[in-house]
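# Fold and contact review
Residue-level listing of the chains:
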Amino acid sequence: MTPQELCKVYLVVASFSSVYAATVNTPKVIDRDVIIIGGGAASSHAAFRLQQDYNKSIVLIEKESILTPTSTPPPPHPPPREYGVQVYFPCLDGLDFISRFNLTLLPGLGPRGSTITRNIDFSTGLELPSNYTGPDPSGITSAIIRFHDLMVSQGWDKMFARKWKNVTEALPRMYESTGGGPAARHRDFTDILTLTFLQSFSPAWTKVLYGEAGMYHISGGNQLLYDIGHLRPPGRSNHLHYQQPNNYLTFTRIKAKNLLLATPPTRENLAPFDLNCLESNLFRRAKYGRYGTAIVSSQVLPRGYELHNTPLLATTDPNKPFINEPHIWEFASYGNDSELFSLGASGSGLGYGEFDEWDAIKVAQNSLDRMVDAGTVKGTSSTEAGRGGGGIDNKLKVWQYSDHGPGGFGVSAEEMRAGWMEKVYGLQGKRGTWYTGSAIAIDFSTQLGKMNDEVLRRML
């Protein structure tokens, strides 16, 4: 998209999860150096660096009313419970960005109450035998080290044929740590193409998995980084512009030299833009899955426990704990003093439009009901409910749901071999348009920051 063409495009700036449009004769005009589409981790980092380090004027467009949101259940459930991107780890000098805000990084994940893990097959509701131990930890560590060394010695472009050689024992740990991302659209976890897989398993992250590097969270909460980063600098124009809903809606025309897309390049997200034939052809080939996280409560969920979805097959082959259908990864308690649980949902094997919040909560409720029917957790079974008897209410209450958007993007192996990835990266800078974010780079904040650094360097 050229700067001249961009001047002709009307971008509707929206808030409160709605997009408004109307025909007017004299639209409001905003003139900036860079337009950023999206309000996630990558775009927030880019917005700050463009304004503070490059002295560029920007406008950031996000359809939600908050940037990189965390979960804050309504009263009486303080303090805020975060979900989403909370992990930071060394990647070149990526952690230096956080230090600019005088924030403190603490080892490990964010604070939550201690829990005891129970391995349960959510498809049957049955708990695995008490002697189930899972994959051998030392075998996992050795395999992850081999995987790391293979990436470093061979390079990503040499890994097609050697993807799983000698690293089978690493797959359970890698599967668990994806959070449903790369696996979201695949029935079989091992069907993920190498380049898609490497989005989540760069050398920097594998060092965390085998213990050479640490991972950290921000003291006081992840949202502090975004609240501080988006304060209006003294004497500078605000880099956020929201078109508030009203009865006399207008278009806002935004003129800029560069467009930075930090949202997944799905058909829906790209609809407002005048793609050329090459762009349309490349982006329409990518398929996406969907996954999300939620904070829930239920009278039958046992406080102080993490109910982990482990298929019964894992008892005979612990190296294949993979689930090949839409599922919940776990119900994880926030501790004995809280009724709240977090859960993660993956639409494994389904396309992006086939697994939304309603579907995820339905899968979660069905999983919980099966555990009750099997007697794994105490509640009112479907048989008892059918008789009209009283008992404990099994129903899940959803306090917050976060749609993590399109995940696990990829194309066929044939298209990858034909150069699809190289062609996508070849779009950088063409027609005044640049791409960043987890849909085009590696899905971790510190690594996205380094991706941004390179994109912004080339852009400016």
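Shown above is the structure to which this text applies.
Each chain carries its own residue numbering, running from 1 in the direction its sequence is written. At least 70 in pLDDT is required for a residue's local features to be given in this predicted model, at least 80 for side-chain atom pairs to be given and counted, and no such filter applies to totals for whole chains, interfaces and linings, which use all residues. To get the side-chain values, all heavy atoms of the structure are used, and hydrogens and water are removed first.

### Section: the overall build of the protein chain
Only runs of H or I of at least four residues qualify as helices and only runs of E of at least two qualify as strands under DSSP, and these elements are numbered from the N terminus. When helices and strands are tallied, the protein chain shows 15 helices and 15 strands. Burial here depends on accessible area, computed with a 1.4 Å probe over protein chains only, as a share of the maximum for the residue type. Under 20% is buried, over 50% is exposed, and the range in between is partly exposed. Looking at the protein chain as a whole, 51% of its 460 residues are labelled buried. Whether two residues touch is decided by their heavy atoms; if any such pair falls within 4.5 Å, the residues are in contact. Considering only contacts in the protein chain between residues 6 or more positions apart, those separated by 24 or more positions represent 78%.

### Some remarks on the environment of S153
Checked against the element boundaries, S153 lands in helix α4 (residues 137-154). Exposure remark for S153: the relative accessible area of 55% places this residue in the exposed category. Side-chain atoms alone can form a polar contact between residues adjacent in sequence; in general such a contact is a pair of N or O atoms within 3.5 Å, and within protein one must be able to donate a hydrogen while the other accepts it. In this structure the side chain of S153 is engaged in a polar contact, spanning 2.8 Å, whose partner is the backbone oxygen of D149.

### Structural notes on the nonpolar core
As used here, the term nonpolar core means buried Ala, Val, Leu, Ile, Met, Phe, Trp, Tyr and Cys residues forming a set that is joined through side-chain atoms within 4.5 Å. Residues V34, I35, I36, I37, L260, L261 and W420 are the most contacted members of the largest nonpolar core, which totals 37 residues. Secondary-structure elements contributing two or more residues to this core are β2 (34-37), α2 (41-52), β3 (58-61), β9 (258-261), α10 (277-285), α14 (420-425), β15 (433-435) and α15 (445-459). In this structure, L261 is in contact with I37, L270, F273, T433, W434, Y435 and T436, ignoring residues within four places of it in sequence. Within the second largest apolar cluster, 27 residues are counted, among which are V87, V167, A204 and A213.

### A closer look at α4
Given the number of residues in a helix, its expected span is that number minus one, multiplied by 1.5 Å. With 18 residues, α4 should reach 26 Å at 1.5 Å per residue; the first-to-last C-alpha distance of 26 Å fits that figure. Every buried residue of α4 is listed here: G139, I140, A143, I144, F147, H148, L150 and M151. Within two residues after α4, G155 carries a phi angle of roughly 85 degrees, on the positive side.

### Focus: the sheet that holds β2
Here we have four strands laid out as an open sheet, ordered β3-β2-β9-β15, and parallel in their pairing. If you trace the sheet from one side to the other, it starts and ends with β3 and β15, each paired once. Recorded for the sheet is a direction-independent mean angle of 20 degrees between the axes of neighbouring strands. The pairing of β2 with β3 spans four bridges and is classified as parallel. When the sheet's bridge partners are listed, V34 is paired in β3 with I58. Angles here are taken between N-to-C directions and fall from 0 to 180 degrees, while the axes themselves are lines fitted to C-alpha atoms, restricted in helices to the stretch in contact. Sheet strands touched by α2: β2, β3 and β9. Its angle to β2, the strand with the most contacts, is close to 160 degrees. Any two strands with at least two DSSP bridges between them are considered paired.

### So, the side chain of S367
Here S367 shows up in helix α11 (residues 357-373). Setting aside its immediate chain neighbours within four residues, S367 contacts F122 and I328.

### Some words on the pairing of strand β11 (residues 305-309)
Of the strand pairs in this sheet, strand β5 (residues 116-121) and β11 are connected by five bridges, and their pairing is parallel. Paired with R118 across the bridge in β11 is L307. Sheet analysis places β11 next to strand β12 (residues 327-333), joined by three bridges and oriented antiparallel. Paired with H308 across the two strands is E330, which belongs to β12.

### Some thoughts on the pattern of salt bridges
One side-chain nitrogen of Lys or Arg within 4 Å of one carboxyl oxygen of Asp or Glu is enough to make a salt bridge. Tallying each qualifying case throughout the model produces 14 salt bridges. The partner of D53 in a salt bridge is R49, with the nearest N and O atoms 2.8 Å apart. The partly exposed category is assigned to D53, whose relative accessible area is 31%. Note on R49: relative accessible area 17%, which makes it buried. As a salt-bridge pair, E127 and R118 come within 2.9 Å of each other at their nearest N and O atoms. Note on E127: relative accessible area 37%, which makes it partly exposed. Judged by its relative accessible area of 16%, R118 is buried. Members of the salt-bridge network, linked through shared partners, are R49, D53, D93, R100, K450 and D453.

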